[in-house]
Each structure stands twice: as C-alpha cells, then as structure tokens.
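Structural features, examined
Read off the chains here:
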Amino acid sequence: MKMEEGSDSIQVNGMQFSYDAQTPLFFDFNLKISPRSRCLLVGANGSGKTTLLRILAGKHMVGGRDAVRVLNFSAFHDTNLVCSGDLAYLGESWSKTVGSAGELPLQGDFSAEHMIFGVEGVDPVRREQLIELLDIDLHWRMHKVSDGQRRRVQICMGLLHPYKVLLLDEVTVDLDVVARMDLLEFFKQECEQRGATIVYATHIFDGLETWATDLVYVQDGLLKKSHKLSELKELKDNRNLLSVVESWLRSETKIEKKKPLNSTPQVKKSSPFDNSPFRSSRHMSHYR
Ligand SMILES: Nc1ncnc2c1ncn2[C@@H]1O[C@H](COP(=O)(O)OP(=O)(O)OP(=O)(O)O)[C@@H](O)[C@H]1O
C-alpha cells in the first residue's frame, strides 16, 4: 500500500512486545510521527528506547501487520522498506575486536574507502558530500582508527542512500563537537528539503532545543509524553531541554524510592490489564 498524502511516517497501533513470555516491555503502545519530524526519543536507561527503534527498524517481530507501520508498510514484514533504502537505522557500533557482545564485528583490514565505496547503487555526489561532511580520510585503516573515526565511517555508510525515515540510536556519542553539530545540521536539512523523518534516541541534549520538532518520552515501555517541542509548556517557561528531561527522570526515581521494597503491586478495578494475558508487575506498577 502506498503512503497517502498527509499520513504519518510512523504509526504504532496497540503494539505489544516482550523479550520473554512473562514480562512485556510494551503493552498496547501507540505512537504517531508525522513526515518531516525530527523527533527526540528520551527516557531512562532501560526504558525501551533501543527496543522501540529496533522494532520500528523491523528487527523484532511484533504481532499483526498493522501494529507497526513505517511509510505505511509493515516494519517487520515488508522487507523492501529496508532494501529500498527508504528506512535506515543507525545503532550498534562496530567493534575493533571481532565478536564483542552486542557489537557488529569488523572483519579484515579494510580501508574507509573500501567500506564506503563497497555500498552499491549510490549517488556519487551524495557520497562525496557525506565524506566531506564527516571529514573522512579514505586511507583510514578501519582496525586502527579511533572510536569516533570508526563511527564517522559507519554513519557515512548508513546515510549513503537517501532514506525517507531515519532511526538513530545515540550515534553521535563518539563524535567531537564539530562533527556532531555539522551532522545535526545535515539531518535538519534532510528533513526540511527532502521531507525525511528522523527519530533520535539520545541522552545528550546539547543543541537540540532548536533542532528537534517533537519529543517522545518513554518510561518502562509506556509512552508518558508525546509533544511538539514548540508546545511544551516547560520550554515556554524558559527552561532548557536538559533540565526538563532531568526533572521527568528524577520524578520517576522519587516514585520508585517511595515504594516499600516488599510491596505487592495493586491494580485498579478499571485497569485495562485486568484480563490481559500480558498482565505483569512491570505494568501494574503504573496503576496504583
Ligand atoms: N536482548 C534482550 N533480552 C532481554 N531483555 C532485553 C534485551 N534487550 C533489552 N532488554 C531489556 O529491555 C528493557 C529495555 O531495554 P532497551 O535497551 O530498549 O532500553 P533503552 O531505553 O534503550 O536503555 P539505554 O538508555 O540504557 O540505552 C531493559 O529492561 C532491558 O534489560
């Protein structure tokens, strides 16, 4: 099905996902992100940001073809989304040493040129633009470069195809300030000029007040807030993004601290999870 004019780039409808049979991370999760958005995805460590991005990238199967739709295709089932380059995901970094847990092994003594020019079907003008933007030396030997230099090559390769939706899982963490700011500016232009949509999970808020258009906050797999940045009351009161997000996360911690260690979660009579096979203490704790 083709995307209709004006429809959301990302639509998540009643999505459920769990890593194991007992504890759902997401239950009845809903989210809409419109075209041209630069959406920040924030939340505490372990709140579900990476998992959500991986689900949107079609890397985890969730039930039903309509549960997670990107550009009006099923993120998991319609493999053409990724193959066509319309959907790009930049997450895990490469490892210098082969086979470290959770990282993509980088095998062989390859140059940056070999890696970048190995990607097929690329517009050479875009490739040159990215090499320049990321200040990549094509002679770099990939097993000898620094973390930030390796990350630049990875980002370059991930952006070679002009995506329509880009999912970023804190990819700027290894970059120096200049590289990070230049890359953010490039992403902004991609949204404004080409109508791309970006979802960016991060803990670093420097320079993002004016960059982002939308803010999504998740806590323990629950969508706690989803706002246009321009409509966020706390920012209108002249507070910066860092202090706003910090206060949200600190209030999570306070609620957690108030819980007696041996308390049993109570569920309200009207809880939608009362009859759910996915009922769990994780979600029950939000219904006190
Ligand atoms: N492969 C896995 N198997 C089982 N549980 C997992 C797996 N990956 C993540 N989890 C759990 O899922 C929850 C969400 O993890 P996730 O990595 O999505 O959080 P996050 O918000 O990205 O955290 P961070 O800010 O630390 O990167 C955590 O409780 C985590 O322990």
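Residues numbered from 1 in each chain as written. Predicted model: local features only at pLDDT ≥ 70, side-chain atom pairs only at ≥ 80, totals over all residues.

The protein chain is annotated in an unreviewed UniProt entry as ABC transporter domain-containing protein from Penstemon smallii. Per UniProt, the comment on the protein chain under Subcellular location (unreviewed entry) is "Cytoplasm". Quoted verbatim from the Sequence similarities (unreviewed entry) field of the UniProt record, the comment on the protein chain reads "Belongs to the ABC transporter superfamily. ABCI family." (UniProt positions renumbered as here; feature names shortened; annotations may be inferred.)

**So, the overall build of the protein chain**
In terms of regular secondary structure, the protein chain is built from nine helices and twelve strands. Burial status across the protein chain gives 32% buried among its 288 residues. Within the protein chain, contacts between residues at least 6 apart in sequence are counted, and of these 64% link residues at least 24 apart. (Helix = DSSP H or I, 4+ residues; strand = E, 2+ residues; numbered from the N terminus. Buried ≥ 20, exposed ≤ 12 C-beta atoms within 10 Å, placed from the backbone. Contact = placed C-beta atoms within 7 Å.)

**Some remarks on the pairing of strand β3 (residues 38-42)**
In terms of burial, β3 is a largely internal element, five of the five residues being buried. Burial of β3 is two-sided: the residues Arg38, Leu40 and Val42 facing one way and the residues Cys39 and Leu41 facing the other way are all buried. Inspection of the sheet shows β3 paired to strand β10 (residues 197-201) by four bridges, in the parallel sense. By the bridge assignment for β10, leucine 40 is matched with tyrosine 200. Note: β3 against strand β11 (residues 214-219), four bridges, orientation parallel. Each bridged residue has a counterpart across the sheet, and for leucine 40 the counterpart in β11 is leucine 215. (Pairing = 2+ DSSP bridges.)

**Description of helix α5 (residues 147-159)**
Here α5 spans 18 Å end to end across 13 residues, near enough to the 18 Å set by a 1.5 Å rise per residue. The set of residues buried in α5 consists of Gln149, Arg150, Arg151, Arg152, Val153, Gln154, Ile155, Cys156 and Leu159. (Expected span 1.5 Å × (residues − 1).)

**Structural notes on the site of the ligand**
Taken together, Tyr19, Leu25, Gly43, Asn45, Gly46, Ser47, Gly48, Lys49, Thr50 and Thr51 form the complete shell of residues around the ligand. Here the shell around the ligand gets three residues from one element, more than from any other, and that element is helix α1 (residues 49-56). Taken together, the residues that form the shell around the ligand break down as two nonpolar, seven polar and one charged. (Near = placed C-beta within 6 Å. Nonpolar A, V, L, I, M, F, W, Y, C, P; charged D, E, K, R; others polar.)

**Some remarks on the sheet that holds strand β12 (residues 222-228)**
On the basis of which strands lie adjacent, the open sheet formed by six strands has the order β6-β9-β10-β3-β11-β12 and mixed pairing. Edge positions in the open sheet fall to β6 (87-90) and β12, since each of these has one partner strand only. With direction set aside, neighbouring strand axes in the sheet form an average angle of 15°. The strands that α1 touches are β3, β6, β9 (165-169), β10 and β11; relative to β10, the one it contacts most, it runs at about 150°. (Axes fitted to C-alpha atoms, helices over the stretch in contact; angles between N-to-C directions.)

**Observations regarding the sheet that holds strand β2 (residues 24-33)**
Sheet architecture is open: four strands sit in the order β2-β1-β4-β5, paired in antiparallel fashion. Of all the strands in the sheet, the pair left with one neighbour each is β2 and β5 (73-74).

**A word on the environment of leucine 31**
The topology assignment puts leucine 31 in strand β2. When sequence neighbours within four positions are dropped, the list of residues in contact with leucine 31 reads Ile10, Val12, Val216, Leu223 and Ser226.

**A closer look at helix α6 (residues 177-194)**
Taking 1.5 Å per residue, 18 residues should reach 26 Å; α6 reaches 25 Å between its end C-alpha atoms and fits that length. Inspection of α6 places Leu183, Leu184 and Glu190 among the buried residues, and these make up the whole buried set. Mapping the buried residues of α6 onto a view down its axis gives an arc of 115°, with all of them on the same face. Seen from the open side of α6, the exposed residues pointing more than 90 degrees away from its buried face are Val177, Val178, Gln189, Glu192 and Gln193. On its buried face, α6 sits against α5. Count one or two residues on from α6 and you reach glycine 195, which has phi positive near 75°. (Arc of directions from axis to C-beta.)

**Some points on unusual backbone geometry**
A positive phi angle is found at asparagine 72, which is not glycine, with a value near 70°. Assignment of secondary structure puts asparagine 72 in the loop between β4 (68-70) and β5. Residue class for asparagine 72 comes out partly exposed when judged on the 16 C-beta atoms lying within 10 Å of it. Phi angles above zero are rare outside glycine, and aspartate 135 is one such case at about 50°. Along the polypeptide, aspartate 135 turns up in the loop between α4 (124-133) and α5.

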